[in-house]
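What the coordinates show
As a plain string of letters, each chain reads:
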Amino acid sequence: MLRRITALLGACATLVCVSVGTTAPAPLPIDAFIAEPEFRNPKLSPNGASIALIYRQDFKEVVMLLDTATMQPRLGPTLSNLRVLNFWWKGDDTLLLLLEELNGQSYFRAFNLTTQTTSELRQLNRRATSIVNPLVGDPTHILVASATSTGNDLRRYDLVRDKAEVIEKNPGWVLHWFTNRAGEAIAGLGQVEDEWFMLVRDKPTADWKRIALGRGSQPSFRPWAVAADQRRLLGYDYATSDTARVVARDPITGAEDVIFHSPEVDPSYNLVWGDDETRVRAIAYETDKPRFHYLAESDAQLAAAIDRSLPQTVNNIISTSADESRLLIEATSDVVPELYFLLDRKSGRMQSLGGARSGLALNRLARSRFFTFQARDGQKLSGRIILPEASAGKPGLIVSAGYDFTQRAQAFYQPFMQLWASRGFAVLEVNHRGVEGFGQAFAKAGEMKVATTMADDLADAVHHAIAEGWVDARRVAIVGQGNGGVLALHTLVRHQELFGAWINLATPMDNGALDVDDLAFGLHDTSAGRLRANDYFRLKRYQRELDPSLQLGKVRVPSFHYFTRNMNERSGAKVEKTMKQAGAECVILVTPKPPEKVDQTMADFDRRTHEETRRVYSAMLDFLQRTLPVRAAP
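Here's a quick rundown of the structure.

Rules of the game
- Residues numbered from 1 in each chain as written.
- Predicted model: local features only at pLDDT ≥ 70, side-chain atom pairs only at ≥ 80, totals over all residues.
- Heavy atoms only, no water.
- Helix = DSSP H or I, 4+ residues; strand = E, 2+ residues; numbered from the N terminus.
- Rg over C-alpha atoms; globule rule 2.2 N^0.38 Å.
- Buried < 20%, exposed > 50% of the residue type's maximum accessible area, 1.4 Å probe, protein only.
- Contact = heavy atoms within 4.5 Å.
- Lys, Arg positive; Asp, Glu negative; His and termini not counted.
- Charge placed at Lys NZ, Arg CZ, Asp CG, Glu CD.
- 1 Å grid on protein atoms, 1.4 Å probe; cavity = no way out; pocket = protein on both sides within 12 Å on 5 of 7 lines; lining within 4 Å.
- Points joined across faces, edges and corners; volume = space filled by probe spheres on them.
- Nonpolar A, V, L, I, M, F, W, Y, C, P; charged D, E, K, R; others polar.
- Salt bridge = Lys/Arg side-chain N within 4 Å of Asp/Glu carboxyl O.
- Phe/Tyr/Trp six-rings, centres within 6.5 Å; stacked < 30°, edge-to-face > 60°.
- Lys NZ or Arg CZ within 6 Å of the ring centre and 35° of its normal.
- Pairing = 2+ DSSP bridges.
- Axes fitted to C-alpha atoms, helices over the stretch in contact; angles between N-to-C directions.
- Core = buried A, V, L, I, M, F, W, Y, C linked by side-chain atoms within 4.5 Å.
- Parallel < 35°, antiparallel > 145°, perpendicular 65-115°, else oblique.
- Expected span 1.5 Å × (residues − 1).
- Right-handed = clockwise from strand over helix to strand, strands pointing away.

**Structural notes on the overall build of the chain**
When you go through the chain residue by residue, the secondary structure sums to 12 helices and 37 strands. Here the C-alpha radius of gyration of the chain, 26 Å, is about what a compact globule of 634 residues would show, namely 26 Å. In terms of overall dimensions, the chain has C-alpha extents of about 70 × 60 × 55 Å along its principal axes. Scored against the burial criterion, the 634 residues of the chain give a buried share of 54%. Within the chain, contacts between residues at least 6 apart in sequence are counted, and of these 54% link residues at least 24 apart. With 75 positive and 75 negative side-chain charges, the chain shows a spacing of 2 Å between the two charge centroids.

**Some thoughts on the layout of surface pockets**
Roughly 960 Å³ of volume is contained in the largest pocket. Along its surface, the largest pocket is lined by 36 residues, and Phe416, Gln481, Tyr562, Thr613 and Tyr617 are the ones closest to its centre. Among the secondary structure elements, those contributing two or more residues to the lining of the largest pocket are helix H6 (415-422), strand S32 (476-481) and helix H12 (602-627). Among the elements that make up the lining of the largest pocket, the one with the highest residue count is H12 (eight residues). Residues that form the lining of the largest pocket fall into these classes: 16 nonpolar, 13 polar and seven charged.

**With respect to the pattern of salt bridges**
Where charged atoms of side chains with opposite charge meet at close range, the side chains can pair. For the structure on display, the rule yields 39 salt bridges. A salt bridge links Glu61 to Arg56, with the nearest nitrogen and oxygen atoms 3.6 Å apart. On the accessibility criterion, Glu61 (6% relative accessible area) is buried. The residue Glu168 makes a salt bridge to Arg201 at a minimum N-O spacing of 2.6 Å. With Glu168 in strand S12 (residues 163-168) and Arg201 in the loop between strand S15 (195-200) and strand S16 (209-212), the pair connects residues that are 33 residues apart, well separated along the chain. Relative accessible area serves as the criterion here: at 14%, Arg201 is assigned to the buried category. Linked by salt bridges that have partners in common, Arg40, Arg56, Glu61, Arg83, Glu100 and Asp606 make up one network.

**Section: the packing of aromatic side chains**
A full pass over the atoms with the stated rule returns 15 aromatic pairs. Taking 5.5 Å as the distance between ring centres and 50° as the angle between the ring planes, the aromatic pair formed by Phe39 and Tyr340 counts as tilted. Taken together, the residues Phe39 in strand S1 (residues 39-44) and Tyr340 in strand S26 (residues 339-344) connect sequence positions 301 residues apart. The class of Tyr340 is buried, set by a relative accessible area of 3%. Within the aromatic cluster, the residues linked to one another by ring pairs are Trp224, Tyr236 and Tyr238. Note that Lys43 overlies the ring of Phe87, its terminal NZ or CZ placed 4.9 Å from the centroid. Between Arg210 and the ring centre of Phe197, over which it is positioned, the NZ or CZ distance is 4.0 Å.

**Focus: the sheet that holds strand S5 (residues 83-89)**
Pairing between sheet strands relies on hydrogen bonds along the backbone, with the strands arranged either parallel or antiparallel. In space, the four strands of this open sheet follow the order S5-S6-S7-S8, with antiparallel pairing throughout. A strand with exactly one partner marks an edge of an open sheet, and here the two such strands are S5 and strand S8 (117-119). Shown here is a sheet whose adjacent strand axes are inclined to one another by a mean of 30°, direction ignored. Here strand S6 (residues 94-100) pairs with strand S7 (residues 106-112) via seven bridges, running antiparallel. Across the sheet, residue Leu97 finds its bridge partner in S7, namely Arg109.

**Some thoughts on the nonpolar core**
Counting 69 residues, the largest nonpolar core has Ile385, Leu397, Val399, Phe405, Leu428 and Trp502 as the members making the most contacts within it. Sequence-distant contacts of Leu397, that is, excluding residues within four places in its chain, are made with Ile385, Phe425, Ala426, Val427, Leu428, Val462, Val471, Arg475, Val476 and Ala477. Residues Ala32, Ala282, Ala331 and Ile386 belong to the second largest nonpolar core, which totals 54 residues.

**A short note on the sheet that holds strand S10 (residues 141-148)**
As summarised here, the arrangement of the four strands in space is S9-S10-S11-S12, forming an open sheet in which the pairing is antiparallel. The outermost strands of the open sheet, each flanked by one partner alone, are strand S9 (130-133) and S12. On average, each strand axis in the sheet is tilted by 45° relative to the strand beside it, whichever way the strands run. For S10 and strand S11 (residues 151-158), the ladder comprises eight bridges, and the chain directions are antiparallel. Within S11, the position partnered with His141 by the bridge is Asp158.

**Thoughts on the pairing of S26**
Among the six residues in S26, six count as buried, and that is most of the element. Both faces of S26 are covered, namely the face carrying Leu339, Phe341 and Leu343 and the face carrying Tyr340, Leu342 and Asp344. Count of turn residues in the strand S25 (residues 326-332)/S26 antiparallel hairpin: six residues, of which Glu338 carries a positive phi of about 50°. Here S26 runs beside strand S27 (residues 349-355); their pairing, made up of six bridges, is antiparallel. Within the sheet, the bridge partner assigned to Leu339 lies in S27 and is Gly355.

**Notes on the environment of Arg155**
By the secondary structure assignment, Arg155 is in strand S11. With a relative accessible area of 11%, Arg155 lands in the buried category. The spacing of Arg155 and Val132 is 23 residues in sequence and 9.2 Å in space, taken between C-alpha atoms.

**Quick word on empty space enclosed by the protein**
One pass over the full model with this rule turns up four cavities of 30 Å³ or more. Reported here for the largest cavity is a volume of approximately 80 Å³. For the largest cavity, the full set of lining residues is Ser400, Ala401, Gly402, Asp404, Gln407, Arg408, Ala409, Glu429, Val430, His432 and Leu458. Looking at side-chain class alone, the lining of the largest cavity contains four nonpolar, four polar and three charged residues. The computed volume of the second largest cavity comes to approximately 40 Å³.

**A look at the packing of helix H8 (residues 453-467) against helix H9 (residues 483-494)**
Two numbers describe how H8 lies on H9: the axes approach to 9 Å, and their chain directions differ by 70°. As summarised for this structure, H8 and H9 are arranged roughly perpendicular, according to the angle between their axes. Contact with H8, carried on its side by Met454, Ala455, Asp456 and Leu458, involves Leu487, His490, Thr491 and Arg494 of H9 and no other residues of that element. Tallied by class, residues from the contact of H8 with H9 come to four nonpolar, two polar and two charged.

**So, H9**
An ideal rise of 1.5 Å per residue puts 16 Å on 12 residues; H9 measures up with 17 Å between its terminal C-alpha atoms. Counting buried residues in H9 gives 11 out of 12 residues, a clear majority hidden from the surface. Here H9 has its buried residues at Asn483, Gly484, Gly485, Val486, Leu487, Ala488, Leu489, His490, Thr491, Leu492 and Val493. Its buried side turned inward, H9 meets H8, S32, strand S33 (501-505) and helix H10 (533-545).

**Let's talk about the pairing of strand S30 (residues 396-400)**
The element S30 is largely enclosed, with a buried count of five among its five residues. Where S30 lies against strand S31 (residues 425-431), four bridges are found, and the strand directions are parallel. Looking at S31, one finds that Gly396 is bridged to Phe425. Between the parallel elements S30 and S31, the chain passes through H6 in a crossover that is right-handed.

**Let's talk about the side chain of Thr578**
Within the secondary structure layout, Thr578 lies in helix H11 (residues 565-582). Look past the residues within four positions of Thr578 in its chain and what remains in contact with it is Leu552 and Gly553.

This is the structure we're talking about:
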């Protein structure tokens, strides 16, 4: 296994090589696209001497350690039948592991690298629901949230003594505590019924004061980190503009400084260089590609230097040594999944750790193209299209309605879309109305428009791709999963002339496909998932109108359906009966019944999941080749 690791981590040059020849190679196997990364989540030790990562082979996970001087690997703790959800360095010789069992239960363990011993951490597992602050720089303590019947207590946990003490007792309905680098509580965010509030105080010994933050699905100010001055809070201001502003707010006076605001797009997330979320480095947002607004000029200059060295990818610093002399960089793009580099700032040397998906030949992946177009009512919209590298004439098109009404087009590597592109299809995603990330007015414009405006936006994007000459208008399919499957069906029925095939992945074909909350777009008045009465009944009526079973009889094109076993009786049989009555070709796959004697190990569960995914996509590709045949590339 160690030889395998060494070869894998040195494989970057092989991954990015370009094949030369006149004959088009055979497409990559399905397994290359559906396989999990072979290693993930690399993190530098505080002294920068080691890198810990999760390595996966034969559907089993192990913690691996790399010496940064020699890049020689060694095994960490042995994990029997467990999955690693996350881990944290505590000093240079201890790893705090968050593990998951096959039954979904999760718990913490500590592993000492020097003694090769594991600690069970009973008090932590008994009381902690989540880590609030890993206290980077403190080798023995972390801050955790412990659930009560009305919110969360804040506790300081000692890993050596296996003891937790309450440092902030929940005064009622606190959802999240915000702490500074030293572990002191700065504020608390909470909600009582439909009222948001924030707890603040002017000094650590004072009583907490409650400040109202309004009603809605989000508070008027949503904090997510303590600012660099360790006093103010960084967060989203939802009250003063359509797109969210990132502001630094004084919790006592309420005074705000705008950190970042774009009139066109919402910020996506805050970028930190490791586990210390009290040191926010940049605000991420996306236009034609992912972009970052750095809070410090020195960080911006460092990021620009890295980008000059790696110009073809989006580059993030994901981990640093304590003195930030060594940095771990993750480089990604639509055609580059998870390449990793180690940068030594003192020597100026950047060393490749390789790619996490050795089964992919990156030069054979298809680049995506961001585009804008005008909808039929004049609204300017955008989308992203992946065009296959080799095809005879114009490729057929697969329109992805996604898995959620609010999902936006992504600029990163997407395995299933690349799988379709490898088989000669273009793949299209649309930022239709209702999608998040373009402001609340744009999101709200999709409410109660799933079967009308939202469907028209997808159709208009297809017309644009055809008009631009990118795709073959006679070979267009639409695919959706979950809520996206409901949108795909309504788009298909509303625009039958556009589509030659429909693919449904695990979308219930009855009124149970949607929850009412799925239809509440924008900053809707909600309380813990419950809508106000007038909104609830209005959206409940609309939910019934969207019932997929009411549309099935209108489908006139071949369709492919995949259902899990518990969905078959209520959805698969209904689809099959309705499609036969309508005279439309229909292929239905159902998750097979598991064997009577199942070896209940995590590896066997993951192996069966992988094999089932391969079976489904193999049958789907056969269906597409039969209904919308791809001509052979020259």
